[in-house]
Amino acid sequence: MAKLFFAYGLGNAMTFPLTVGATTVLLPDRPTPDGVAALLRKHPVTVFYAVPTFYAAFLNSPNAPRRDEVKIRRCISAGEALPEEIARTWKERYGVEISDGLGTTEMLHIYLTNAPGATKYGTTGKPVPGYEIKLIGEDGEPVKQGEMGELYARGPTAAIMYWNNREKSRSTFQGEWTRSGDKYIEDADGYYICCGRADDMLKVSGIYVSPFEVEAALSSHPDVLEAAVVGWGDEQKLVKPKAYVVLKEPNKASDALIRALQEHVKAKLAPYKYPRWIEFRTELPKTATGKIQRFKLRAEGPGAR
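Residue indices begin from 1 for each chain and proceed along its sequence in written order. Residues qualify for local features only when their pLDDT is at least 70, as the model is predicted, and side-chain atom pairs are given and counted only at 80 or more; totals for whole chains, interfaces and linings, by contrast, use all residues. To get the side-chain values, all heavy atoms of the structure are used, and hydrogens and water are removed first.

Q: How would you explain helix α7 (residues 255-268) if you had to name every residue and give the values?
A: In DSSP terms, a helix is any run of H or I states spanning at least four residues, a strand is any run of E spanning at least two, and both are numbered starting from the N terminus. Here the expected span of a helix is defined as 1.5 Å times the quantity of residues minus one. Helix length check: α7, at 14 residues, gives a terminal C-alpha distance of 20 Å against a target of 20 Å (1.5 Å per residue), a fit within 8%. Restricting attention to buried positions, one finds in α7 the residues Leu257, Ile258, Leu261, Gln262, His264 and Val265. Projected down its long axis, α7 carries its buried residues within an arc of 155°, all on one side. Across from the buried face of α7, at angles greater than 90 degrees, the exposed residues are Asp255, Arg259 and Ala267. Each element contacted by the buried residues of α7 is listed here: α6 (211-219), β15 (224-233), β16 (239-247) and β17 (277-280). Three exposure classes are used, based on accessible area relative to the maximum for each residue type with a 1.4 Å probe and protein chains only: buried under 20%, partly exposed in between, and exposed over 50%. By construction, the arc corresponds to the directions joining the helix axis to the C-beta atoms. For this analysis, residues touch if any pair of their heavy atoms sits within 4.5 Å.

Structure (structure tokens):
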């Protein structure tokens, strides 16, 4: 049976259908939940690629199709780590697991992913066969299992350099290994847990805090559609987490909800990780492919980094 692909925000996914002679559905307009819902009703898409922010928006759309209106049998997420709450809600509604993975332009291919039937929510899975992963600490040495380090990848699809950018090439391409710029932890089962981009990590009271961990905790609250967490300087110029939150129903924004969200995070994470400030927004700054631009949010503040 021919596969029908739809991909939003995952550039390398556009090349995958060519390897199996499948058809790709192209949407010339900006991909909104309503537009994609209409496309899924029109075409029997079986393999669906999207970024986490789109999955969240789609689930919150009143016009999203019912399970019996779509033919989807595989879902892929990449671009940013997929919050556990979104993955579980999607599985409950459509009966299909979202395979969260990591791929980069420098590696062309997704090289770390959850496999069908072996998904562990809250992780980016295990290395794809043919690829190797290692985590490197700030001292330049491999970290122990359970410790956080920067992810390096090695595999047959790796680039050798950036065009006309020698300095960045030397920093990113370390012999056969490619630096991803992402911080990860390998758990006891060999699954890799995303902590965030190296330049997005926060140090609170001398301890690293993963913005993704705080964002995931916020996103598990029933009123939250999406969240972004950045470092923010307090009156003593000490770094603390600040959260920008988009609500499913914007009219629910209130001081009482801010306090409720802070308590919600405290109940899920170590207390020092909770956001000291929460600001409600109608939308978050994103790239054309749906990735949250946290640097734009940091630029609004007193300079936490």
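Q: Tell me about the state of the cysteines, residues and numbers included.
A: Only a pair of cysteine sulfur atoms within 2.5 Å counts as a disulfide in this structure description. Using the criterion set out here, one finds zero disulfides in the structure. The thiol of Cys194 is not disulfide-bonded; the next cysteine sulfur, from Cys195, is found 6.6 Å away.

Q: Outline the packing of helix α3 (residues 52-60) against helix α4 (residues 84-94), listing residues and values.
A: Look at α3 against α4: their axes get within 10 Å of each other, and the N-to-C directions meet at 50°. With respect to α4, the axis of α3 lies oblique. Our pair here, α3 against α4, has a crossing hand that is left-handed. Between α3 and α4, the residues in contact are Pro52, Tyr55, Ala56, Phe58 and Leu59 and Ile86, Thr89, Trp90, Arg93 and Tyr94, respectively. Of the residues that constitute the contact of α3 with α4, the class distribution is eight nonpolar, one polar and one charged. Comment: axis = line fitted to C-alpha atoms, over the contacting stretch for helices; angle = value between 0 and 180 degrees taken between N-to-C directions. Geometric relationships in this document are graded by angle, where less than 35 degrees denotes roughly parallel, more than 145 denotes roughly antiparallel, 65 to 115 denotes roughly perpendicular, and other angles denote oblique. We call a crossing left-handed when the near helix sits turned anticlockwise from the far one by less than a right angle, and right-handed when that turn is clockwise. Amino acids outside the nonpolar list (Ala, Val, Leu, Ile, Met, Phe, Trp, Tyr, Cys, Pro) and the charged list (Asp, Glu, Lys, Arg) are all regarded as polar, and Gly is one of them.

Q: Quick one: what's the story with the packing of α6 against α7, residue by residue and with numbers?
A: Closest axis-to-axis distance for the α6/α7 pair is 9 Å, and the angle between their directions is 115°. Crossing handedness for the pair α6 and α7: right-handed. Residue-level contacts link Val214, Ala217 and Leu218 of α6 to Leu261, His264, Val265 and Lys268 of α7. Of the residues that constitute the contact of α6 with α7, the class distribution is five nonpolar, one polar and one charged.

Q: Give a description of a nonpolar patch on the surface that names residues and reports values.
A: A cluster of nonpolar side chains, Ile160, Met161 and Trp163, forms an exposed patch at the surface whose accessible area comes to about 480 Å². Examined against the element boundaries, Met161 turns out to sit in the loop between β9 (148-154) and α5 (166-172). The patch calculation keeps residues exceeding 30% relative accessible area without a salt bridge and links them within 9 Å when they carry like charges or within 5 Å when they are nonpolar (Val, Leu, Ile, Met, Phe, Trp, Tyr). A 1.4 Å probe and the Shrake-Rupley method give the accessible areas. Residues count as covered only by the protein chains that appear here. Counted as salt bridges are all cases of a side-chain nitrogen of Lys or Arg within 4 Å of a carboxyl oxygen of Asp or Glu.

Q: Please set out the pairing of β17 residue by residue, giving values where relevant.
A: Alignment of β16 against β17, held across four bridges, turns out to be parallel. Bridged to Val245 within β17 is Phe280. Any two strands with at least two DSSP bridges between them are considered paired.

Q: Run through the environment of Arg281, naming residues and quoting values.
A: Its location among the elements puts Arg281 in the loop between β17 and α8 (294-298). With a relative accessible area of 23%, Arg281 lands in the partly exposed category. Here the alpha-carbon distance between Arg281 and Ala253, two residues 28 residues apart in the chain, equals 9.3 Å. If we ignore the near neighbours within four places in the chain, the residues touching Arg281 are Tyr244, Val245, Val246, Leu247, Leu297 and Glu300. Polar contacts here mean pairs of N or O atoms no more than 3.5 Å apart (in protein, one a potential hydrogen donor and the other a potential acceptor; neighbouring residues in sequence count only if both atoms are side-chain atoms). At 2.8 Å, the side chain of Arg281 forms a polar contact with the side chain of Glu279. Only 2.7 Å separates the side chain of Arg281 from the side chain of Glu300, close enough to count as a polar contact.

Q: So what's going on with the environment of Asp199? Which residues, and what values?
A: Topologically, Asp199 is positioned in the loop between β12 (192-197) and β13 (202-204). Counting along the chain gives twelve residues from Asp199 to Asp187, while the straight-line C-alpha distance between them is 22 Å.

Q: Residue-level account of the pattern of salt bridges, with values.
A: With the rule as written, the count across this model stands at 21 salt bridges. Measuring nitrogen to oxygen at the nearest pair gives 2.9 Å for the salt bridge that ties Arg154 to Glu176. With a gap of 22 residues between them, Arg154 in strand β9 and Glu176 in the loop between β10 (173-174) and β11 (177-186) connect regions that are remote in the sequence. On the basis of relative accessibility, which here comes to 55%, the residue Glu176 falls in the exposed class. Ionic pairing is found between Arg298 and Asp200, a salt bridge with its closest N-O pair at 2.7 Å. Taken together, the positions of Arg298 in helix α8 and Asp200 in the loop between β12 and β13 put the pair 98 residues apart, joining distant regions of the chain. Of the residues examined, Arg298 reaches a relative accessible area of 18% and is grouped as buried. Residue Asp200 is classed as buried on the basis of its relative accessible area, which comes to 9%. Beyond isolated ion pairs, a larger network of salt bridges with shared partners links Glu80, Asp200, Glu215, Arg294 and Arg298.

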